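The lines below spell out each chain.
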Amino acid sequence: MREIFLRLRFEGGEVGYGGLPLKMLSELATLERLLWGAAGELFRRENPNAKLPPQNTRLVLTQLGKGSTTAQIELDFTKDELFLPSAVEFLKRARKELLATIEEARIQAEKTTAFPTPLLRGFRRLGKSLGEVGQLHLESPDEPQVALLDAPTRNRLIEWAEGRQTTTSSALYGWICEIDERQRTFEIRLVNGKRLRGEFREEIEKQLIEALGGYHYGQLIRLDAVLGRDEKGRITSVKEVREAILLDRREPWSRLRELSKLPEGWLDGEGAPISSAAKRWVRGFLRRYYPPTLPPPYLYPTPQGGISLEWDIQPYMPSLEIDAMGQLGYWHALAPSNPDSSSEDRELSLNDPSQIKWLIERLRAYDRGDAFV
Amino acid sequence: MTEETLLYRQVHPSFLDGERPTSQVFTPTSKDQKRLSVYDGDKVSAAEAWEHYTKVLGHKSVGILAVQVRECSNLGLRTEEDPLPNFPAHAVVIFPEAWSIGKVKTVAKSLTSLALERGWQYGPYFGST
């Protein structure tokens, strides 16, 4: 069986001039996912232990009207009394809730509908082609019920989805783990393990692709971006990426593995193998304490079986030499142009968190260039 | 040796992380007893020094960095010719006994910085001995 499910009318902007941009078709596919997602969720709320039976039901685009500015979506389904409650019923409820939600967003009311809020994330894609001036009218033939989607409405729907209270401009550090070149979206895995999606402009595509290519080598990237944050200040979304900077490609883990293989007498007959304690300390330091905003240290073996961490923060050349017991560290830094007046050294207890904190703060100061101010 | 003489220092492969050498290249080890072994640049070329070090002495080196005698003396270091039977171009850069670890590190980093500014005299050849 088939019945009209939704009528769409496009107005203004890119979509209003005698043709439907093809990219709008993918946005309409998002609309379908959104409706199915909502139908499933509404069903689960009433039937916690069951799954919405699909019943060979599908939404199909059946008509493009004059000038392609109107479209019709029909519901194609098999009537089968065995399956109750039906997917058709819940799809219709999802439609009703969706249209009501769009209207609430348009008149800037509070969201009161039963439409699942997280699914409104779909509006990051749906309606994107409308741009700033286009409009999409949605009409349900049953009620009748109408809704109007435009740029401000869409933005509000996205805000609801993200529970966003504020946006901030911040730097994000992480690894690019996915890029969709067609949709111009990417996924970044932050250093705390959280994953975020965002859209990108053509200007930064090259950097993102390079970062993706280096994902398995630990290629870190910094994104200067406008971020959505929830009321607790947690990052919920990447709104806009203004700049992407590939950071130092080196990652210390493979170097640490390489150093682990050094045999007794590695330094032309001299040189103890790197001790497990020193390796353990360096590993823990890098994993637990080391800020990704600082350049990764260069790692070298010491003839005594320890590890020397060195930084190319010019002109200071800071270093930390870890003893073979992994308990004492010797911190040293200088300004090579004036070694007498601008150097510091200190012995650190490596198991004392306050001294680790001091070390990190010093590194930050050197990195900022105000270590001796 | 003159003030302008270059003193060649071999760089062990493990003392390179990527292309960056550690300042330990110019730090005497406990075995050195504060006397850093170098090749006298007046007696051999950098290539000859590398050939000798890796082929005759059988040690490992990815390349050679160099500092001048004058640069050493400016940092408070003495330099001496110290020919050995199988190593006639051998010379030493002598770190004062009284220097603290910190002072030794400061000077070693300064030497590394000067040497890197001068550039590699030979190599670096990654994967070589």
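Every chain is numbered independently, its residues counted from 1 as its sequence is written. Whichever chain is written first becomes A and whichever ligand is written first becomes 1, with later ones labelled in order. Local features in a predicted model are, by the rule used here, given only for residues with pLDDT of at least 70; side-chain atom pairs are given and counted only at 80 or more, and totals for whole chains, interfaces and linings are based on all residues.

Caption draft 1: Broad picture of the overall build of chain A. Secondary structure elements are defined from DSSP: runs of H or I of at least 4 residues count as helices, runs of E of at least 2 residues count as strands, and each element is numbered from the N terminus. Regarding its fold elements, chain A presents 7 helices and 15 strands. Across the 373 residues that make up chain A, the buried fraction comes to 33%. Residue pairs qualify as contacts under a 7 Å threshold applied to their C-beta atoms, which are placed from the backbone. Long-range pairs, those at least 24 residues apart, make up 60% of the contacts in chain A with a sequence separation of at least 6. Whether a residue is buried, exposed or partly exposed follows from its count of other C-beta atoms within 10 Å of its own C-beta, namely 20 or more, 12 or fewer, or something in between, respectively; the C-beta atoms are built from the backbone.

Caption draft 2: Looking closely at the interface of chain A and chain B. The interface is formed by 24 residues belonging to chain A together with 20 residues belonging to chain B. When residues of the side of chain A that touches chain B are assigned to their parent elements, the largest contribution, 4 residues, is made by strand β11 (residues 298–301) of chain A. Following the grouping adopted for this structure description, the nonpolar residues are Ala, Val, Leu, Ile, Met, Phe, Trp, Tyr, Cys and Pro, the charged ones are Asp, Glu, Lys and Arg, and the polar ones are all others, Gly among them. Grouping the constituent residues of the side of chain A that touches chain B by class yields 13 nonpolar, 4 polar and 7 charged.

Caption draft 3: Looking closely at the sheet that holds strand β4 (residues 35–40) of chain B. All names here are of chain B. Strand pairing follows a simple DSSP-based rule, namely that at least 2 bridges must link the two strands. Read from one edge to the other, the open sheet built from 5 strands follows the order β5-β1-β4-β7-β6, with strand pairing classed as antiparallel. Each edge of the open sheet carries a strand with a single partner, namely β5 (63–68) and β6 (78–81). For this sheet, the mean inter-axis angle between neighbouring strands, taken without regard to orientation, is 40°. When strand β1 (residues 6–11) meets β4, the two strands line up antiparallel, connected through 2 bridges. Note that in β4 the partner of leucine 7 across the bridge is aspartate 40. Each axis is a line fitted through C-alpha atoms, taken for helices only over the stretch in contact, and angles between the N-to-C directions span 0 to 180 degrees.

Caption draft 4: Representation of the packing of helix α1 (residues 23–46) of chain A against helix α2 (residues 87–106) of chain A within the structure. All names here are of chain A. At a minimum axis distance of 8 Å, the contact between α1 and α2 shows a crossing angle of 110°. Considered as vectors, α1 and α2 are oriented roughly perpendicular to each other. Both α1 and α2 take part in a crossing whose hand is right-handed. Of the residues in α2, those in contact with Leu34, Leu35, Ala38, Ala39, Leu42 and Phe43 of α1 are Ala87, Phe90, Leu91, Arg93, Ala94, Arg95, Glu97 and Leu98. Classifying every residue of the contact of α1 with α2 by side-chain character gives 11 nonpolar, no polar and 3 charged. Here roughly perpendicular refers to angles of 65 to 115 degrees, roughly parallel to angles under 35, roughly antiparallel to angles over 145, and oblique to all remaining angles. When the near helix sits turned anticlockwise from the far one by under a right angle, the crossing is termed left-handed; a clockwise turn instead gives a right-handed crossing.

Caption draft 5: The nonpolar core, seen in detail. As used here, a nonpolar core is made of buried Ala, Val, Leu, Ile, Met, Phe, Trp, Tyr and Cys residues. They are joined through C-beta atoms within 7 Å. Core analysis: the largest hydrophobic core is formed by 54 residues, its most contacted members being Ile307 of chain A together with Leu7, Tyr8, Val38, Ile64 and Ala66 of chain B. Excluding its chain neighbours within four sequence positions, the residues that come into contact with leucine 7 of chain B are Val38, Asp40, Gly41, Ala66, Val67, Val69, Thr79, Ala91 and Val93 of chain B.

Scope: geometric values only; no functional claims are made or implied.
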